[in-house]
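Close look at the chain arrangement
Here are the chains, one letter per residue:
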Amino acid sequence: MPPQDILAAMTAANFDPAYAEQVVRERFAARAAGLPRKEREPYRYGTPRIRHQGNLIRTSDRDVRVLVRLDQPVVAVLDNVLSDEECDAVISLARDQLAPSATLSPATGEHQVRDTRTSRGAFLPEGDNSLLRRLNRRIAEITNTPVTHGEALHVLHYQVGAEYKPHPDYFDPTSPGFAATLKRGGQRTATLIVYLNDVEDAGDTVFPKLGLSVVPKKGAAVYFEYMNDDGQLDEATLHGGAPVGAGDKWVLTKWVRQEAFR
Ligand code: PD2
Ligand code: ZN
């Protein structure tokens, strides 16, 4: 039975929608047992794609400073990614466009607003905006990937208590709901999250499998990569946005795809 029909039948029978989703996800995850061997083997780490010269990543218009480097999984904390003025300008561009953040249902591919992600967000397509063009180019140079492989920049705004529960940024290839997005440029391979303001209390980006917590700092960023050249996906990059304790939190996210994103 296709996943939508199972969900519809369970919903009609008054099952909790979250429980129905979980049942469908588990049923289709069982397919993972039949995955090719390479996808069941431990993740093989190669050379990180991000490239630095000494303690800097030199882009065409800005020197980015490397503060923390981890090789397995590949995680880097970077400073001086955006200037204060650029951070403020991005917030101004996004402020009027925010809508409740949604997640893609792994079972059906529908956009759903859930308590796992309680921020508001907006995509910022580049259009003819010179700031966004400059930032897309700089981020492509930092991530060492073609500009065309990046999804549109995405701004998130968290108010007190808002959070993004731990998740991988890649799409589980065994989930039927992710098939359509995987056709738009293939798998996600890496993420750069830039902090657009200083948060008064909490709101860290947390990596629960690493015991790592990155404290937001205006203009700084955390980078991590989770797909290697063999197409393996790194589960160790599970990460979340901890609830904001005081003040608010703004971030700018770039998700990088395997191929040109359409
Ligand atoms: O805002 C964050 O700290 C955060 C945490 C986890 C953002 C994302 N994921 C994301 O944009 O994917
Ligand atoms: Zn994420």
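Placed above this text is the structure.
Everything numeric in this text was worked out from a predicted model, so none of it was measured.

1. A word on the layout of surface pockets
By volume, the second largest pocket amounts to about 190 Å³. Gly46, Thr47, Glu225, Asn228 and Asp229 are, among the 14 residues lining the second largest pocket, the residues nearest its centre. Tallied by class, the residues present in the lining of the second largest pocket amount to 4 nonpolar, 3 polar and 7 charged.

2. Some points on the site of ligand 1
What surrounds ligand 1 is a group of 14 residues, the closest being Tyr158, Thr205, His239, Lys249 and Thr253. Between histidine 239 and ligand 1, the recorded distance is 3.1 Å, taken from a side-chain N or O atom to a nitrogen atom. Measuring from an oxygen atom of ligand 1, one finds a side-chain N or O atom of lysine 249 at 2.7 Å. Across the complex, the protein chains shield 100% of the 310 Å² of accessible surface that ligand 1 would expose by itself. A molecule is said to occupy a pocket when more than half its atoms come within 2 Å of that pocket's grid points, and by this definition ligand 1 occupies the largest cavity. Among the secondary structure elements, those contributing two or more residues to the shell around ligand 1 are strand E8 (153-158), strand E9 (164-167), strand E15 (239-241) and strand E17 (249-257). Top element by residues in the shell around ligand 1 is E17. It accounts for 4 residues.

3. Some words on the pattern of salt bridges
Under the definition given, this model contains 14 salt bridges. A salt bridge links glutamate 86 to arginine 134; the shortest N-O distance between them is 2.9 Å. Pair noted here: glutamate 86 is in helix H4 (residues 84-95) and arginine 134 is in helix H5 (residues 130-143), with a separation of 48 residues, a long-range link. What makes glutamate 86 buried here is its relative accessible area of 8%.

4. Things to note about the coordination of the zinc ion (ligand 2)
Within the first shell, the zinc ion (ligand 2) binds the protein through His167 (NE2), Asp169 (OD) and His239 (NE2), at distances of 2.1 to 2.2 Å. Along the chain, the residues that donate to the zinc ion (ligand 2) are spaced as H-x1-D-x69-H. Taken together, the positions of aspartate 169 in the loop between E9 and helix H6 (179-182) and histidine 239 in strand E15 put the pair 70 residues apart, joining distant regions of the chain.

5. Considerations on the packing of H4 against H5
The description of two helices packed together rests on the angle between their axes and the distance between the axes. Viewed as axis vectors pointing N to C, H4 and H5 meet at an angle of 120°, and their least axial separation amounts to 11 Å. With respect to their mutual orientation, H4 and H5 come out oblique. Along this stretch, H4 crosses H5, giving a crossing that reads as left-handed. The residues of H5 that touch H4, namely those facing Glu86, Ala89, Val90 and Leu93, are Leu131, Leu132, Arg134, Leu135 and Arg138. Residue composition of the contact of H4 with H5, grouped by class: 6 nonpolar, no polar and 3 charged.

6. Focus: the sheet that holds E9
Strand order in the open sheet formed by 4 strands is E9-E15-E12-E13, and the pairing between neighbours is antiparallel. Each having just a single partner strand, E9 and strand E13 (212-214) make up the two edges of the open sheet. Neighbour-to-neighbour, the strand axes of the sheet open up by a mean angle of 15°, direction not taken into account. Sheet topology places E9 next to E15; 2 bridges connect them, and they run antiparallel. For tyrosine 164, the partnering residue across the bridge sits in E15 and is glycine 241.

7. Re the sheet that holds strand E4 (residues 99-100)
Sheet architecture is open: 9 strands sit in the order E1-E2-E3-E14-E10-E17-E8-E7-E4, paired in antiparallel fashion. Of all strands in the sheet, those with a lone pairing partner are strand E1 (56-58) and E4, marking the two edges. As judged from the 2 bridges shared by E4 and strand E7 (residues 120-124), these two strands associate in the antiparallel manner. Across the sheet, proline 100 pairs through a bridge with arginine 120, a residue of E7.

8. Points about the nonpolar core
Counting 32 residues, the largest nonpolar core has Leu78, Leu82, Val90, Leu196 and Leu252 as its most contacted members. The dominant element in this core, judged by the number of residues it contributes, is H5, at 5 residues. Sequence-distant contacts of leucine 196, that is, excluding residues within four places in its chain, are made with Leu82, Cys87, Val90, Ile91, Val155, Lys218, Trp250, Val251 and Leu252. If you look at the next biggest cluster of nonpolar residues, it comprises 18 residues, including Leu156, Val199, Tyr226 and Val244.

What counts as what
Residues numbered from 1 in each chain as written. Chains lettered and ligands numbered in written order. Predicted model: local features only at pLDDT ≥ 70, side-chain atom pairs only at ≥ 80, totals over all residues. Heavy atoms only, no water. 1 Å grid on protein atoms, 1.4 Å probe; cavity = no way out; pocket = protein on both sides within 12 Å on 5 of 7 lines; lining within 4 Å. Points joined across faces, edges and corners; volume = space filled by probe spheres on them. Nonpolar A, V, L, I, M, F, W, Y, C, P; charged D, E, K, R; others polar. Near = heavy atom within 4 Å. Polar contact = N/O pair within 3.5 Å; in protein donor to acceptor, adjacent residues only side chain to side chain. Areas by Shrake-Rupley, 256 points an atom, 1.4 Å probe, with all protein chains shown as cover. Sits in = over half its atoms within 2 Å of the grid points. Helix = DSSP H or I, 4+ residues; strand = E, 2+ residues; numbered from the N terminus. Salt bridge = Lys/Arg side-chain N within 4 Å of Asp/Glu carboxyl O. Buried < 20%, exposed > 50% of the residue type's maximum accessible area, 1.4 Å probe, protein only. Donors = N, O, S within 2.8 Å, 3.2 Å for Na, K, Ca; no water. Axes fitted to C-alpha atoms, helices over the stretch in contact; angles between N-to-C directions. Parallel < 35°, antiparallel > 145°, perpendicular 65-115°, else oblique. Left-handed = near helix turned anticlockwise from the far one by under 90°. Contact = heavy atoms within 4.5 Å. Pairing = 2+ DSSP bridges. Core = buried A, V, L, I, M, F, W, Y, C linked by side-chain atoms within 4.5 Å.

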